[in-house]
Amino acid sequence: FTALSQTIVLLTLLQTILLQTLVQTILLLTLLQKILLSTLLQTILLLTLLQKILLSTLLQTILLLTLLQTILLLTFLQTILLLTFLQTILLLTFLQTILLL
């Protein structure tokens with residue numbers, strides 16, 4: 001009878017220890033889950049910020065390239081106008097030469 005009582009007490013004690021361990025494990029896992037969720041949210045926020053920075057950089061690059069393209073187009077148009085002007089001067093000079101002859 002004493003051995004049975006001791007076994008019951010021992011099993012009850014073991015059950016209490018296992019229950020405490022289970023509760024501690026659940027609490028630890030809950031804490032770990034919160035940490036991981038927080039880390040995930042921080043990562044998402046960081047990626048969103050990075051995405052905004054990259055989008056801003058892309059837009060700036062597009063605007064810069066558009067500006068450069070406009071400058072090149074204007075330079076090309078100026079060159080055409082200059083050449084037309086030079087052609088006109090040469091034509092007038094030619095005509096003056098003909099008239100003088």
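Source: prediction; values computed, not measured.

Peer 1: Any chance you could explain the overall build of the protein here in plain terms?
Peer 2: Scanning the protein for helices and strands turns up one helix and zero strands. Since a compact globule built from 101 residues should have a radius of gyration of about 13 Å, the 43 Å found for the protein marks it as more spread out than a globular shape. Projected onto the principal axes, the alpha-carbon positions of the protein cover approximately 145 × 15 × 5 Å. For the protein, buried positions account for 0% of its 101 residues. Accessible surface computed for the protein: about 9,800 Å², of which carbon and sulfur atoms make up 80%.

Peer 1: I keep staring at a nonpolar patch on the surface and nothing clicks. Help me out?
Peer 2: A surface patch of nonpolar side chains, amounting to about 480 Å² of accessible area, comprises L19, L22, V23, I26 and L27. Tracing the sequence through the fold places L19 in helix 1 (residues 2–100).

Peer 1: Even after reading the chapter, I still don't get the environment of L55, so can you show me in this structure?
Peer 2: For L55, the location among the structural elements is in helix 1. Exposure remark for L55: the relative accessible area of 49% places this residue in the partly exposed category.

What counts, and at which threshold
- Residues numbered from 1 in each chain as written.
- Predicted model: local features only at pLDDT ≥ 70, side-chain atom pairs only at ≥ 80, totals over all residues.
- Heavy atoms only, no water.
- Helix = DSSP H or I, 4+ residues; strand = E, 2+ residues; numbered from the N terminus.
- Rg over C-alpha atoms; globule rule 2.2 N^0.38 Å.
- Buried < 20%, exposed > 50% of the residue type's maximum accessible area, 1.4 Å probe, protein only.
- Areas by Shrake-Rupley, 256 points an atom, 1.4 Å probe, with all protein chains shown as cover.
- Patch = residues over 30% accessible without salt bridge, like charges linked within 9 Å, V, L, I, M, F, W, Y side chains within 5 Å.
- Salt bridge = Lys/Arg side-chain N within 4 Å of Asp/Glu carboxyl O.

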